[in-house]
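Here are the chains, one letter per residue:
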Amino acid sequence: MSKREVPGVGPYGGPAGGWGALQAVARALKHQMGVAREATMLLKVNQPAGFDCPGCAWPDPRSTSSFEFCENGAKAVSWEATTKRTTPEFFARHKVSELWAWNDHALEDEGRLTHPMRYDAQTGHYVPVSWDEAFERIGAALRALPDPHMAEFYTSGRASNEAAFLYQLFARRFGTNNFPDCSNMCHEPTSVGLPEAIGVGKGTVTLADFDHCDAIFCIGHNPGTNHPRMLATLRSAARRGAKIVVLNPLKERGLERFASPQDPVEMVTGRSTAIATDYVQVRIGGDVAFMKGMMKTVLALHRDSLSKGGEGVLDRAFIDEHTEGLDEVIADLDATAWSDIVGAAGIERAEIERIGKLYAGSKAVIACYGMGITQHHSGTANVQQIVNLLLMRGNMGRDGAGICPLRGHSNVQGDRTVGITEVPPDDMLDSIERVFKFAPPREHGHGAITAIEAMRDGRSKALICLGGNLPVAMSDTQVCFDAMRKLDLAVHIATKLNRSHLLTAKETFILPCLGRTELDVQASGPQTVTVEDSMSMVHASRGSLPPASGHLLSEPAIVARMAKATLDDASLDWDGWVADYSRIRDLIEAVFPQFDRYNDRIQDPGGFRLFNAAAARRWNTPGGRARFIAH
Ligand SMILES: Nc1nc2c(c(=O)[nH]1)N[C@H]1C(S)=C(S)[C@@H](COP(=O)(O)OP(=O)(O)OC[C@H]3O[C@@H](n4cnc5c(=O)[nH]c(N)nc54)[C@H](O)[C@@H]3O)O[C@H]1N2
Ligand SMILES: Nc1nc2c(c(=O)[nH]1)N[C@H]1C(S)=C(S)[C@@H](COP(=O)(O)OP(=O)(O)OC[C@H]3O[C@@H](n4cnc5c(=O)[nH]c(N)nc54)[C@H](O)[C@@H]3O)O[C@H]1N2
Ligand SMILES: [Mo]
């Protein structure tokens, strides 16, 4: 491979974190916010009485110290709490066709949207519109569709549980399960692969498990830029001597060395902590093969031990009581030649065996993974191979062990939990029917890809976006852009301007909403929302900044008013629910029993953990057992 020079990019020898990170934060803050605002703001991130950081979905330590934020969290907060504004005057100055030539960063960097806007095709500008008129026109356009399945309800993973729940209720009452979701582009192999294997589509570990494991596998994710608070967790695991094994084709600096900005000694002395004890530069797409080599090694060790009268290396008691399918996997391992494994993994046999032995010699192992695993053709196989590896040694559902998918957006997991899914399970629909006394649609709806296809082919004519930047986030952007331009109705509930908003339909609206950092006052007073992190912890989030503009509505309020303007069902008390979000939580609890005593339990600053059957070694699979699945 030849090296290509990239202007401004060179080798970096320092650790991740440290002063470099703090300087970057300082620059971002100066660029986006006044000086007084930022300091108080950052002290409230991920604090028991503050708001949930919109930066990522890594959980918060229970005993949150003076501050718990990171370089990227600070940037994400300042990006939302910026003092810059995208006003009606801005839209009067710039035609949509002119804005199209701006880059994506420049569009968002104009700052927070301040007024509801409607696209005016005559002039090519966005023009202000009153909330009443916007909702009336949106409702009329939705009602005019010949079939409810011609509307798509997209969710980006930042919406709170409360907003997302009202949103799915609105769409299902309207008559469709069309819920394309950012999760379709992100952890879909987790949502599909994990339930088949262990009966739940979520990770099984808690933050405390990281204190008890003796090895952590970091497979295809990059905490240095994407979930930097995880580096503090990895750092303390490294310091107590846990092995940290990285599988990644690229050397990611944050996985090599980290200087904690929260550690005075490291900051003053310039020292840092080594993170990875073993860094394996596996070939792109070579993970299934590499792990197969590890499993082959574990099996060989097991047989060797048995032949010498030992107990073996496989966790037989766990396997016998809790799993099925190991025989097929063993047959597959025996039938696979090392030369094929080495070729596909791009790693020498001796090195694979060394890591296999390290795994076999560890008592409690956590496997973390991200987009390097999921964003592949073989994503589901990748995820299930990680499960196979863990099950061999009973590394599931006990202290210090389990699987840890690193979710992306800060509430992408919560949104799914409260019903944002195009493939709704029957028991959820039954509950909705029981609680709300209407028959929700049963047929499966569109995910992100099928939604775009339907828009491209003219089968879908309306798109509502609860945040996000759908056509830009999807691959095949040109197809998505063309599809967006064929719509009758496009509605964007957003904090900032982005390219999606410039792909105008016959009727197009930008509806500006409050962000996480902002005070949300409704009829009953200031409101709290709730979110769920990567480890199934649900907790409260309350903003405190004055809203970016006096014209903003909250996401639950926007969804509710859209629903009211569209549906003809007086039994749904949209106004009452928005007046007091604890009533929305009561509804969530009524539909999803795992939210039992929801409003009580979020009084605890750390929140509560949703029951995770696999973590309790209860397997919601057809056979009632965790499944080895050969790949
Ligand atoms: N600052 C910032 N933070 C974010 C986001 C953001 O936009 N900005 N987005 C959030 C979201 S939505 C998400 S999903 C997460 C994503 O966070 P990550 O899951 O960390 O995703 P990537 O940045 O895509 O990193 C993928 C890693 O996998 C490696 N990789 C690539 N191919 C392979 C392979 O075949 N095998 C293995 N083993 N590794 C491979 C790459 O080298 C890279 O290190 O970040 C979240 N955090
Ligand atoms: N090329 C490329 N494409 C990718 C990825 C990649 O790494 N590379 N990653 C994929 C992944 S993992 C994901 S998860 C998707 C993400 O896809 P999306 O979630 O659709 O995209 P984002 O860029 O995160 O959305 C940013 C927009 O969300 C809006 N926003 C921000 N905060 C809020 C809020 O609090 N409320 C509301 N209503 N709106 C808000 C702002 O208007 C902002 O412009 O992209 C996928 N696509
Ligand atoms: Mo993501």
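Residues numbered from 1 in each chain as written. Chains lettered and ligands numbered in written order. Predicted model: local features only at pLDDT ≥ 70, side-chain atom pairs only at ≥ 80, totals over all residues. Heavy atoms only, no water.

Enquirer: Quick question: what am I supposed to make of the site of ligand 1 here?
Expert: Around ligand 1 there are 24 residues in total, and Asn222, Asn226, Glu252, Gly285 and Asp287 lie nearest to it. Between ligand 1 and the protein, one listed contact pairs an oxygen atom with a side-chain N or O atom of His376 at 2.8 Å. In isolation ligand 1 has 930 Å² of accessible area, and contact with the protein removes 75% of it. Mapped by element, the contributors of at least two residues to the shell around ligand 1 are α10 (223-226) and α19 (371-374). For the shell around ligand 1, the class distribution of residues is 8 nonpolar, 14 polar and 2 charged. (Near = heavy atom within 4 Å. Polar contact = N/O pair within 3.5 Å; in protein donor to acceptor, adjacent residues only side chain to side chain. Areas by Shrake-Rupley, 256 points an atom, 1.4 Å probe, with all protein chains shown as cover. Helix = DSSP H or I, 4+ residues; strand = E, 2+ residues; numbered from the N terminus. Nonpolar A, V, L, I, M, F, W, Y, C, P; charged D, E, K, R; others polar.)

Enquirer: Any chance you could explain the pairing of strand β20 (residues 529-532) here in plain terms?
Expert: For a regular strand, side chains alternate in direction, first toward one face of the sheet and then toward the other. Side chains Val529 and Val531 project from β20 onto one buried face, and the interleaved Thr530 and Glu532 project onto a second face that is buried too. For β20 and strand β21 (residues 537-541), the ladder comprises 4 bridges, and the chain directions are antiparallel. Bridge pairing in β21 places Thr530 opposite Ala540. Between β20 and β21, which follow one another and run antiparallel, lie 4 residues, and Ser536 among them has a positive phi close to 65 degrees. (Buried < 20%, exposed > 50% of the residue type's maximum accessible area, 1.4 Å probe, protein only. Pairing = 2+ DSSP bridges.)

Enquirer: Is there a simple way to think about the sheet that holds strand β6 (residues 151-155) in this case?
Expert: Across the sheet, which stays open at both edges, the 6 strands sit in the order β5-β4-β17-β16-β15-β6 with mixed pairing between neighbours. Across the chains shown, the open sheet's two edge strands, defined by having one partner strand only, are β5 (125-128) and β6. Recorded for the sheet is a direction-independent mean angle of 20 degrees between the axes of neighbouring strands. On top of the sheet, helix α7 (residues 131-143) reaches β4 (117-120), β6, β15 (462-466), β16 (489-494) and β17 (507-512); it is set at about 135 degrees to β17, its chief contact. (Axes fitted to C-alpha atoms, helices over the stretch in contact; angles between N-to-C directions. Contact = heavy atoms within 4.5 Å.)

Enquirer: How do you make sense of the packing of helix α9 (residues 188-198) against helix α20 (residues 379-392) when you look at a structure like this?
Expert: Helix-helix packing: each pair is described by the crossing angle between the helix axes and the interaxial distance. Where α9 contacts α20, the axes come no closer than 8 Å and their chain directions differ by 40 degrees. The orientation of α9 with respect to α20, classified from their angle, is oblique. Between α9 and α20 the crossing geometry is right-handed. Residue-level contacts link Pro189, Thr190, Val192, Gly193, Leu194, Glu196, Ala197 and Ile198 of α9 to Gly379, Thr380, Val383, Gln384 and Val387 of α20. When its residues are assigned to classes, the contact of α9 with α20 shows 7 nonpolar, 5 polar and 1 charged. (Parallel < 35°, antiparallel > 145°, perpendicular 65-115°, else oblique. Left-handed = near helix turned anticlockwise from the far one by under 90°.)

Enquirer: What's the story with the packing of helix α14 (residues 287-307) against helix α17 (residues 338-345) in this structure? I'm lost.
Expert: Packing of α14 against α17 leaves a shortest axis separation of 8 Å and a crossing angle of 140 degrees. For the pair α14 and α17, the sense of crossing is left-handed. Residue-level contacts link Ala289, Phe290, Lys292, Gly293, Lys296 and Thr297 of α14 to Trp338, Ile341, Ala344 and Ala345 of α17. Classifying every residue of the contact of α14 with α17 gives 6 nonpolar, 2 polar and 2 charged.

Enquirer: Please clarify how the side chain of Asp52 should be interpreted in this entry.
Expert: When you line up the elements, Asp52 lands in the loop between α2 (35-42) and α3 (71-80). With a relative accessible area of 6%, Asp52 lands in the buried category. A polar side-chain atom of Asp52 sits 3.5 Å from a polar atom in the side chain of His539.

Enquirer: Please clarify how the sheet that holds strand β1 (residues 16-17) should be interpreted in this entry.
Expert: Strand pairs in the sheet, formed through backbone hydrogen bonds, run parallel or antiparallel to each other. Reading across from one edge, β1-β9-β10 is the order of the 3 strands in this open sheet, with mixed pairing throughout. Of all the strands in the sheet, the pair left with one neighbour each is β1 and β10 (273-274). Sheet topology note: the β1/strand β9 (residues 257-259) ladder contains 2 bridges and is parallel. Bridged to Gly17 within β9 is Ala259.

Enquirer: Before we go on, may I ask you to explain the domain arrangement of the chain in this structure?
Expert: Think of interface size as the accessible area that goes away when the parts come together; that is how it is often given. Along its sequence, the chain is carved into domain 1 (122-183 + 411-519 + 551-600) and domain 2 (188-406). For domain 1 versus domain 2, the distance between C-alpha centres works out to 37 Å. (Domains from an automatic or database assignment.)

Enquirer: Would you mind showing me how to read the confidence of the model for the chain here?
Expert: One rule of thumb: low pLDDT means the predicted coordinates there are not for detailed reading. Averaged over all residues, the pLDDT of the chain equals 92, while 92% of them reach at least 70. In this model, residues 63-67 is a region of pLDDT below 50 whose contacts with residues beyond four sequence positions or in other chains number 10 contacts. (pLDDT = per-residue confidence, 0-100.)

Enquirer: Please explain the site of ligand 2 as it appears in this structure.
Expert: The local shell around ligand 2 holds 22 residues, among which Glu108, Tyr154, Ala473, Asn498 and Glu555 are the closest. Tyr154 places a polar side-chain atom, nitrogen or oxygen, 2.6 Å from an oxygen atom of ligand 2. Note that an oxygen atom of ligand 2 is positioned 3.1 Å from one of the backbone N or O atoms of Gly468. Of all the secondary structure elements, the ones that give two or more residues to the shell around ligand 2 are α24 (470-473) and β16.

Enquirer: Just checking my understanding: could you explain the nonpolar core for this structure?
Expert: Ranked by internal contacts, the top residues of the largest apolar core, which has 64 residues, are Leu142, Phe165, Phe436, Leu511 and Trp574. No other element matches the 9 residues that helix α8 (residues 161-174) contributes to this core. Counting 55 residues, the second largest nonpolar core, distinct from the first, contains Val298, Ala367, Val387 and Ile403. (Core = buried A, V, L, I, M, F, W, Y, C linked by side-chain atoms within 4.5 Å.)

Enquirer: Would you mind going over the packing of aromatic side chains with me for this structure?
Expert: Two measures describe an aromatic ring pair: the distance that separates the ring centres and the angle between the ring planes. Here the structure, examined in full by the defined rule, presents 20 aromatic pairs. When the ring of Phe91 is compared with that of Tyr126, the centres are 5.5 Å apart and the planes differ by 65 degrees; the resulting orientation is edge-to-face. Remark: Tyr126 occurs in strand β5 and Phe91 occurs in helix α4 (residues 88-93); sequence separation between them is 35 residues. Taking the relative accessible area as the measure of exposure, Tyr126 reaches 1% and is therefore buried. Ring plane angle 80 degrees and centroid distance 6.1 Å describe the contact between Phe436 and Trp577, whose orientation is recorded as edge-to-face. Residue Phe436 is located in helix α22 (residues 426-436), and its partner Trp577 is located in helix α27 (residues 574-579); the two are separated by 141 residues in the primary sequence. (Phe/Tyr/Trp six-rings, centres within 6.5 Å; stacked < 30°, edge-to-face > 60°.)

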